[in-house]
Amino acid sequence: MNEAGVNKAGTGDAGGGRTVLAVTMGDPAGIGPEITAGAWRALRAGGGPAFVVAGDDALLAAHAPVRVVADPSEAAAVFADALPVLPVPLAVPARPGAPDAANAPAVIASIARAVALARDGRVGGVVTNPISKLVLTQAGFRHPGHTEYLAELCGVPGQAVMMLACPELRVVPVTIHVALRRAVDGLTTAEIVRCGLTTAAALRRDFGIAAPRLAVAGLNPHAGEGGVMGDEETTIIAPAIAALRAAGIATSGPWAPDTMFIPRARARYDAALCMYHDQALIPLKTIDMAGGVNVTLGLPIVRTSPDHGTAFDIAGQGVADPSSLLAALRLAGEMSRNRRSA
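Notes on the structure in this doc start here. Along each chain, residues carry numbers from 1 onward, in the same order as the chain's sequence is written. In view of the model being predicted, local features appear only for residues whose pLDDT reaches at least 70, and side-chain atom pairs are presented and counted only at 80 or more, with totals across whole chains, interfaces and linings using the full set of residues. With hydrogens and water set aside, each side-chain value is computed from the structure's full complement of heavy atoms.

## Points about the overall build of the protein
Then comes step 1: Starting at the N terminus, helices and strands are each numbered in turn, a helix being any DSSP run of H or I of at least four residues and a strand any DSSP run of E of at least two. Helix and strand counts for the protein stand at twelve helices and twelve strands.
Then comes step 2: We compute the radius of gyration from the C-alpha atoms alone; for a globule the expected value is 2.2 Å times N to the 0.38, where N is the number of residues. Taking 2.2 N^0.38 as the reference for a compact globule, 342 residues should give roughly 20 Å; the C-alpha atoms of the protein span a radius of gyration of 20 Å, in line with that estimate.
Then comes step 3: When the backbone C-alpha atoms are referred to their principal axes, the protein occupies close to 60 × 40 × 35 Å.
Then comes step 4: The buried share among the 342 residues of the protein stands at 54%.
Then comes step 5: Taking contacts inside the protein between residues at least 6 apart in sequence as the whole, the part at least 24 apart equals 74%.
Then comes step 6: Of the side-chain charges in the protein, 28 are positive and 29 negative, and the distance between the mean point of each set is 5 Å. For each residue, the accessible area found with a 1.4 Å probe, counting protein chains only, is set against the maximum for its type, and the residue is called buried under 20%, exposed over 50%, and partly exposed in between. Any pair of residues with heavy atoms lying within 4.5 Å of one another is described as a contacting pair. We treat Lys and Arg as the positive residues and Asp and Glu as the negative residues; His and chain ends play no part in the count. Charged groups are reduced to one reference atom each: NZ for lysine, CZ for arginine, CG for aspartic acid, CD for glutamic acid.

Here's what the structure looks like:
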């Protein structure tokens, strides 16, 4: 057995060696059903992982041919002809663009089922469709988002780290879903170190980078300009960099946030530790919105997600782009293979 009791031999591999992933339903009134069908059409002939959806089969059948299965092990055999679905029924029919809190329990159940499959080694990883935090909160969901809920389901509350990745850049926000004022007030050396250690370990295990290089962003303009624009770089960030270096991790910084994402700078590191949410997400989404992937580090399972929301405004119009979900599926398959070979 490997960490958290996950059987390393149970990796979601199909008989022909094709990784099988679990995809969650997401908010049924959003673009999740459409992009799931689009991803299936792109992957059905091979060239990527197969997947099974934990979701409402009637909802998905409006977008693709569906085959209800009893176990993920059946997914690869039917994937070329139909979208495999492990049924998680909705409470009320979904209407595109009109989210309903009555369906929140099904959305949550879909996530829990996919995570359980991954923890049992019956799939190679979990790819989550976008949820509406507002809708789930209205139904009593007490977590700030996917990342925190997944950590609890995996038995590692408070240990998960969010990474956003695309081929050109990987970023990790040290503080995530909190108001900017709270992010600044709550920034600590210990949290930067925790995120750095988790990121370096994931770069080795999940991305196959033997000697990862981390770049640490400053908090203030020009990384504080020697204390003229703030002292967090010297009092909080620099000690974290020293601790990461002492742990044997190649760590540089504090970098001036306005120049560290240009191509020449990006070539000097494998992941950037950023001090708050938008400092990390704005450059990544600017560089590659369609190909961006949300990755949760620090879990005993592989988890990725598209780097966009529910897009209620275009749901049901047939114009949703599955590119980010495809990128999330392919990255999850790659991470699963790297974990098996580690």
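## Considerations on unusual backbone geometry
Then comes step 1: The residue after Gly-253, namely Pro-254, is reached through a cis peptide bond having omega 0 degrees.
Then comes step 2: Position of Pro-254 among the secondary structure elements: in strand β9 (residues 250-255).
Then comes step 3: Positioned with a positive phi, His-222 is a non-glycine residue whose angle comes to about 60 degrees.
Then comes step 4: With respect to the element layout, His-222 can be found in the loop between β8 (213-217) and α9 (232-246).

## A closer look at helix α6 (residues 146-153)
Helical geometry: 3.6 residues make up each α-helical turn, so side chains three or four residues apart lie on a common side.
Then comes step 1: All of the buried residues along α6 are His-146, Thr-147, Tyr-149, Leu-150 and Ala-151.
Then comes step 2: Summarising the contacts, the buried residues of α6 are in contact with α4 (104-119), β6 (161-166), β11 (293-297) and β12 (303-306).
Then comes step 3: Looking one or two residues beyond α6, the residue adopting positive phi is Gly-155, at roughly 75 degrees.

## Description of the pattern of salt bridges
Then comes step 1: Just to be clear on terms, a salt bridge is a Lys or Arg side-chain nitrogen sitting within 4 Å of an Asp or Glu carboxyl oxygen. According to the stated counting rule, one finds eight salt bridges in the structure shown.
Then comes step 2: Between Asp-206 and Arg-205 there is a salt bridge, with its nearest N and O atoms 3.6 Å apart.
Then comes step 3: Look at Asp-206 and you get buried, because its relative accessible area is 1%.
Then comes step 4: With relative accessibility at 24%, the residue Arg-205 sits in the partly exposed group.
Then comes step 5: Taken together, the salt bridges that share partners define one network made up of Arg-205, Asp-206 and Arg-339.

## Quick word on the sheet that holds strand β7 (residues 169-173)
Then comes step 1: Paired strands are those between which DSSP finds at least two bridges. Spatially, twelve strands are ordered β3-β4-β2-β1-β5-β12-β11-β6-β7-β10-β8-β9 in an open sheet, and the strand pairing comes out mixed. Where the open sheet ends on each side, the last strands, each with one partner, are β3 (66-68) and β9.
Then comes step 2: Of the pairings in the sheet, the one linking strand β1 (residues 20-24) to strand β5 (residues 126-127) comprises two bridges and is parallel in character. Looking at the pairing, Ala-22 lines up with Val-126 of β5.

## With respect to α4
Then comes step 1: Look at α4: 23 Å from first C-alpha to last across 16 residues, which is about the 22 Å you get at 1.5 Å a residue.
Then comes step 2: Within the span of α4, buried status applies to Ala-104, Ala-106, Val-107, Ser-110, Ile-111, Ala-114, Val-115, Leu-117 and Ala-118.
Then comes step 3: Contact partners of the buried residues in α4: β1, β2 (50-55), β4 (83-87), β5, α5 (133-138) and α6.
Then comes step 4: One or two residues past the end of α4 sits Gly-121, with phi positive at roughly 75 degrees. The length a helix should cover is 1.5 Å for every residue beyond the first.

## Some thoughts on the side chain of Asn-129
Then comes step 1: Topologically, Asn-129 is positioned in the loop between β5 and α5.
Then comes step 2: Take Asn-129: its relative accessible area is 0%, and that puts it in the buried class.
Then comes step 3: As used in this structure description, the phrase polar contact means that two N or O atoms lie within 3.5 Å; if the pair is within protein, one of them must be able to donate a hydrogen and the other to accept it, and residues adjacent in sequence are counted only when both atoms belong to side chains. Side chain to side chain, Asn-129 and Thr-36 meet in a polar contact 2.8 Å long.
Then comes step 4: When near neighbours in sequence (up to four residues on either side) are disregarded, Asn-129 contacts Val-23, Thr-24, Met-25, Gly-26, Gly-32, Ile-35, Thr-36, His-146 and Leu-325.

## Notes on the environment of Ala-160
Then comes step 1: When you line up the elements, Ala-160 lands in the loop between α6 and β6.
Then comes step 2: The class for Ala-160 is buried, based on a relative accessible area of 12%.
Then comes step 3: Sequence separation of Ala-160 and Pro-72 is 88 residues, and the distance between their C-alpha atoms is 26 Å.
Then comes step 4: Apart from residues lying up to four places away in sequence, Ala-160 is in contact with Thr-147, Ala-151, Arg-194, Thr-296, Leu-297 and Leu-299.

## Thoughts on the nonpolar core
Then comes step 1: Among buried residues, those of type Ala, Val, Leu, Ile, Met, Phe, Trp, Tyr and Cys that are joined through side-chain atoms within 4.5 Å constitute a nonpolar core. The biggest cluster of nonpolar side chains holds 84 residues, and the ones touching the most others in it are Phe-51, Met-163, Ile-192 and Leu-329.
Then comes step 2: In terms of nonpolar packing, the next biggest core, distinct from the first, is built from 18 residues, Cys-166, Phe-261, Tyr-269 and Ala-272 among them.

## With respect to the state of the cysteines
Then comes step 1: Any cysteine sulfur atom paired with another within 2.5 Å is treated as part of a disulfide. What the rule picks out here adds up to zero disulfides.
Then comes step 2: The thiol sulfur of Cys-154 is not disulfide-bonded, and the nearest other cysteine sulfur, from Cys-195, lies at 17 Å.
Then comes step 3: Just so you know, Cys-166 is unpaired, no disulfide at all, and the nearest cysteine sulfur is the one on Cys-274, 12 Å from it.
Then comes step 4: With a relative accessible area of 9%, Cys-166 lands in the buried category.

## Concerning the packing of aromatic side chains
Then comes step 1: Any two rings among Phe, Tyr and Trp, with Trp reduced to its six-membered ring, count as a pair given centres within 6.5 Å; such a pair is stacked if its planes are under 30 degrees apart, edge-to-face if over 60, and tilted if neither. One pass over the full model with this rule turns up three aromatic pairs.
Then comes step 2: Their ring planes at 80 degrees and their centres at 5.2 Å tell us that Phe-141 and Tyr-149 sit as a pair that is edge-to-face. The two residues Phe-141 and Tyr-149 agree in class, both being buried.
Then comes step 3: Ring geometry for Trp-255 versus Tyr-269: centroids 5.4 Å apart, planes at 85 degrees, classification edge-to-face. Note that Trp-255 is positioned in strand β9 and Tyr-269 in the loop between α10 (263-266) and β10 (271-274), a separation of 14 residues in sequence. Each of the two residues, Trp-255 as well as Tyr-269, counts as buried.

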